[in-house]
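Below are the chains, spelled out letter by letter.
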Amino acid sequence: MTEKCLFCRIANGEIPTKFVAETGEAVAFRDIDPKSPVHVLVVPRQHVTSLASAEDEEVLGQLMMLAAKVARSEGISESGYRVIANTGPDGGQSVDHLHLHVMGGRRMTWPPG
Ligand code: 5GP
Ligand code: ZN
């Protein structure tokens, strides 16, 4: 499964992608189809299908901390931003490798669609 997983291939360098930031457990890169001026994805290096199957608290902690770090480096920490983990069919997840969307640079609406 991980051999064909898009985000595994990005995280392991098989698909060359510029990382905005990285840690031992996670990488951050720009969304290919941004829905806001800042739209970065934060993904674990190890394959985790979704938040629903996540078990490693250390990895989840690094993902969230990296999301906040990316927001700071992208200059949206003060203006504000969203961190989103679309999960499963009703959550609108389209890539089955856990990822956090870090979105900002515009005023978000609530509730999301
Ligand atoms: P989801 O819909 O699963 O929450 O989010 C998947 C995100 O991955 C989408 O926002 C989509 O634009 C992004 N995406 C899909 N394929 C690629 C890709 O090959 N490279 C990058 N950087 N982002 C991708
Ligand atoms: Zn994967």
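Structure report, in brief. Treat the numbers as computed from the prediction; the structure is a model and nothing was measured.

### Notes on the nonpolar core
Part 1 of the reasoning: If you look at the biggest cluster of nonpolar residues, it comprises 17 residues, and the most contacted ones within it are A28, V40, V42, L63, L66, V70 and V102.
Part 2 of the reasoning: Per element, the largest residue contribution to this core is six residues, and it comes from helix α2 (residues 57–73).
Part 3 of the reasoning: Setting aside chain neighbours within four positions, we find A28 in contact with K18, F19, V20, A21, V40, L41, V42, L66 and V70.
Part 4 of the reasoning: In this structure, F7, I10, V43 and V95 belong to the second largest nonpolar core, which totals eight residues.

### Structural notes on the sheet that holds strand β5 (residues 100–104)
Part 1 of the reasoning: As summarised here, the arrangement of the five strands in space is β1-β2-β3-β5-β4, forming an open sheet in which the pairing is antiparallel. Because the sheet does not close on itself, it has two edges, and the strands there are β1 (21–22) and β4 (81–84).
Part 2 of the reasoning: Across the sheet, α2 lies against β1, β2 (26–30), β3 (38–44), β4 and β5, angled at about 160° from β3, the strand it touches most.

### Considerations on the coordination of the zinc ion (ligand 2)
Part 1 of the reasoning: Surrounding the zinc ion (ligand 2) are the protein donor atoms C5 (SG), C8 (SG), H47 (ND1) and H97 (ND1), which sit 2.0 to 2.3 Å from the metal.
Part 2 of the reasoning: Relative to the metal, the four donor atoms surrounding the zinc ion (ligand 2) lie at angles of 104 to 117°, and the coordination shape comes out tetrahedral.
Part 3 of the reasoning: Look at where the donors of the zinc ion (ligand 2) fall in the sequence and you get C-x2-C-x38-H-x49-H. Linking C5 in the segment before α1 (6–11) with H47 in the loop between β3 and α2, this pair joins segments that are 42 residues apart in sequence.
Part 4 of the reasoning: Its relative accessible area of 22% is what places H47 among the partly exposed residues.

### With respect to the pattern of salt bridges
Part 1 of the reasoning: Per the counting criterion, the structure on display carries four salt bridges.
Part 2 of the reasoning: A salt bridge links R9 to E14, with the shortest nitrogen-to-oxygen separation between them at 2.9 Å.
Part 3 of the reasoning: Owing to a relative accessible area of 47%, E14 belongs among the partly exposed residues under this scheme.
Part 4 of the reasoning: Note that K35 and D33 form a salt bridge whose closest N and O atoms lie 2.7 Å from each other.
Part 5 of the reasoning: On the basis of relative accessible area, D33 is assigned to the partly exposed category, the value being 44%.

Reading guide: rules and limits
Residues numbered from 1 in each chain as written. Chains lettered and ligands numbered in written order. Predicted model: local features only at pLDDT ≥ 70, side-chain atom pairs only at ≥ 80, totals over all residues. Heavy atoms only, no water. Core = buried A, V, L, I, M, F, W, Y, C linked by side-chain atoms within 4.5 Å. Buried < 20%, exposed > 50% of the residue type's maximum accessible area, 1.4 Å probe, protein only. Helix = DSSP H or I, 4+ residues; strand = E, 2+ residues; numbered from the N terminus. Contact = heavy atoms within 4.5 Å. Pairing = 2+ DSSP bridges. Axes fitted to C-alpha atoms, helices over the stretch in contact; angles between N-to-C directions. Donors = N, O, S within 2.8 Å, 3.2 Å for Na, K, Ca; no water. Tetrahedral: all angles 85-135°; square planar, octahedral: opposite > 155°, others 65-115°. Salt bridge = Lys/Arg side-chain N within 4 Å of Asp/Glu carboxyl O.

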